[in-house]
Amino acid sequence: MTAPARLPLPPSLYADTAVAAVATPPLDADKTVSVAIVGGGYTGLSTALHLAEQGVDALVLEAQEPGWGASGNNGGHTNPGLKHDPDQIEADFGADLGRRMIEFSYGTTNFTHDLIRRYQIPCEARQSGTLRAAYNEASAAAIESTARQCIRRGMPVTLLGPEQLREMTGTDRYLCAMLDARGGDLHPLSYARGLARAAISAGASVHGETPALSLRREGTHWRIETPRAVVRADKVLLATNGFTDDLWPPLRRTIVPVFSSIAATAPLSDEVARSIMPTRSVLYESGHITVYYRIDQQNRLLMGGRGPMRWINAPSDVAYLMRYAERLWPQLKGVAWTHGWNSRLAITKDHYPHVHEPAENILISLGCNGRGVALSTAMGAQLARRLIGGAKAEIDMPVTGIKPIPLHAFWPVGVTSAVIAGRVRDRLGI
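Residues numbered from 1 in each chain as written. Predicted model: local features only at pLDDT ≥ 70, side-chain atom pairs only at ≥ 80, totals over all residues. Heavy atoms only, no water.

S.K.: Residues and numbers for the overall build of the protein, please.
M.R.: Check the secondary structure of the protein and you find twelve helices and 19 strands. Taken over C-alpha atoms, the radius of gyration comes to 21 Å for the protein, in line with the 22 Å a tight globule of 430 residues would show. Considering the protein as a whole, with its 430 residues, one finds that 57% of them fall into the buried category. Within the protein, counting contacts between residues at least 6 apart in sequence, those at least 24 apart form 75% of the total. Taken as a whole, the protein presents about 17,100 Å² of accessible surface, with 53% of it coming from carbon and sulfur. Separation between the mean location of the 44 positive side-chain charges and that of the 40 negative ones in the protein comes to 3 Å. (Helix = DSSP H or I, 4+ residues; strand = E, 2+ residues; numbered from the N terminus. Rg over C-alpha atoms; globule rule 2.2 N^0.38 Å. Buried < 20%, exposed > 50% of the residue type's maximum accessible area, 1.4 Å probe, protein only. Contact = heavy atoms within 4.5 Å. Areas by Shrake-Rupley, 256 points an atom, 1.4 Å probe, with all protein chains shown as cover. Lys, Arg positive; Asp, Glu negative; His and termini not counted. Charge placed at Lys NZ, Arg CZ, Asp CG, Glu CD.)

Okay, structure coming up:
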């Protein structure tokens, strides 16, 4: 198998403003380690860090550079919870595991921000809350139900009405929203680079430009071939998410890789920035097609949502986001939009994260379904516990079998059709 070519970072605002990357040289000599991790995003880096903290020699193999994929190119929101409501999670997984999944997933943002403080990672992190907002009656009813479920469980959640939202967002678009005080935001690429630096300082090895070309059992070890060297590991974690290939053949067909796009303005004046999001909470809309946004620490507006199912490199590629921003805030007309970019995230059929153990000493984690920043970080500690303790080490997410999605080859057509249908349904309020 031929090694893929090195690719530059997507042309994002983050690439232009991130802290300097720590050195992660390609692996050029054979190594034997306790745990090899394939994938240098948040999941892989956090797992390596938590393994190294416990004295386990961990090695990360990243095909490009840490944070190259969605980890360094997402919306920058640290949102609590899973896609499904708490009551649905308990119905799907039972009272015990369901309760643990809820406590874990809604605690991921505190976990992430605590880790950032503990390692003093410079990534513009703030914990100013997450708003989940509705602009039609159907979404409003769903949000009210979610809020009631969270409040019943003692979570720091508040249900807000139109007047409060107008003050917090500068627009009269929304009927209601759920504010979760544990949410926040950060600079995604700076955070990924900070995680890599923390993992290395704790004793892990991180190697960029080192794709895993093949994986097979060799005696009591797993053997991973890379372009310049061979890694032998007691255990392996696959954490490739939206960039999953055929390294473990059935795995690619268990997720749908979907592009999520972002457009960013030039820094806004203090007056305009205050008129949009004065509390600096982040917001995502509850609809069939999610739009999300925030104001960063340099007063830039970052608007994200579904865009073309291909790579983009300019804000004009997602002009609908700019038009929508001007609809929400007419004062933005004439403002310069400086960046437009995207990356691939992984969607699962059931919209739950997937953890698999398809063979002895192989662990897989993927499918964050758009909640990857905090969820992936906190999953690192869970996965480290499982890698150290084996099947007896219970984690707070289900470990399931690999189930390929039927007719997976048609996913590009399906995603495009779903986006179009979702936008129509959102406009009709159904």
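S.K.: I'd like to hear about the environment of Thr130, residue by residue, with values.
M.R.: Inspection of the secondary structure assignment puts Thr130 in strand E4 (residues 130-134). Since its relative accessible area comes to 4%, Thr130 is described here as buried. Taking the C-alpha atoms as reference points, Thr130 and Pro404, 274 residues apart in sequence, are found 33 Å from one another. Residues in contact with Thr130, not counting those within four places in the same chain, are Thr78, Asn79, Pro80, Met178, Leu179, Asp180, Gly183, Gly184, Val282 and Tyr284. Within the structure, Thr130 has its side chain in polar contact with the side chain of Asn79 (distance 2.8 Å). (Polar contact = N/O pair within 3.5 Å; in protein donor to acceptor, adjacent residues only side chain to side chain.)

S.K.: I'd love a proper account of the pattern of salt bridges, names of residues and values included.
M.R.: Tallied over the entire structure, the rule returns 22 salt bridges. Salt-bridge contacts for Asp87 lead to Arg153; the nearest nitrogen and oxygen are separated by 2.9 Å. Here Asp87, found in helix H3 (residues 86-93), pairs with Arg153, found in the loop between helix H6 (137-152) and strand E5 (157-160); they are 66 residues apart in sequence, far enough to count as distant. Since its relative accessible area comes to 31%, Asp87 is described here as partly exposed. Between Glu103 and Arg99 there is a salt bridge, with the nearest N and O atoms lying 3.4 Å from each other. Placement of the pair is Glu103 and Arg99 together in helix H4 (residues 95-106), with a separation of four residues, close to one helical turn. (Salt bridge = Lys/Arg side-chain N within 4 Å of Asp/Glu carboxyl O.)

S.K.: I'd love a proper account of the packing of aromatic side chains, names of residues and values included.
M.R.: Taken as a whole and assessed by the stated rule, the structure comprises nine aromatic pairs. Ring geometry for Tyr14 and Trp341: centres 5.1 Å apart, planes at 75 degrees, overall edge-to-face. Of this pair, Tyr14 sits in helix H1 (residues 13-17) while Trp341 is found in strand E16 (residues 337-348), placing the two residues 327 residues apart along the sequence. For the residue pair Tyr14 and Trp341, the accessibility class agrees, reading buried in each case. Ring-pair connections join several aromatic residues into one group, and the members of that group are Trp68, Phe243, Phe259 and Trp311. The positively charged end of Arg173 is found above the aromatic ring belonging to Tyr135, 3.9 Å away from the centroid. (Phe/Tyr/Trp six-rings, centres within 6.5 Å; stacked < 30°, edge-to-face > 60°. Lys NZ or Arg CZ within 6 Å of the ring centre and 35° of its normal.)

S.K.: Now, about the nonpolar core: what can you tell me, with residues and values included?
M.R.: Counting residues in hydrophobic clusters, the biggest one holds 56 residues, and the most contacted among them are Leu51 and Tyr191. Top contributing element to this core by residue count: helix H11 (residues 372-389), with seven residues. Setting aside residues no more than four positions away along its own chain, Tyr191 makes contact with Tyr42, Thr112, Leu115, Ile116, Ile121, Cys123, Leu186, Val373 and Thr377. One finds Leu160, Leu165, Met168 and Ile276 within the second-largest nonpolar core, a separate group that totals 30 residues. (Core = buried A, V, L, I, M, F, W, Y, C linked by side-chain atoms within 4.5 Å.)

S.K.: Give me the lowdown on the side chain of Arg294, citing residues and values where you can.
M.R.: Relative to the assigned elements, Arg294 resides in strand E14 (residues 291-295). Among the residues examined, Arg294 registers a relative accessible area of 3% and is labelled buried. At a separation of 2.7 Å, a polar atom in the side chain of Arg294 contacts the main-chain carbonyl oxygen of Gly75. Only 2.9 Å separates the side chain of Arg294 from the side chain of Asp185, close enough to count as a polar contact. If we skip the residues at most four places from it in the chain, Arg294 touches Tyr14, Gly75, Gly76, His77, Asp185, Leu186, Pro188, Val282, Arg300, Leu301 and Leu302.

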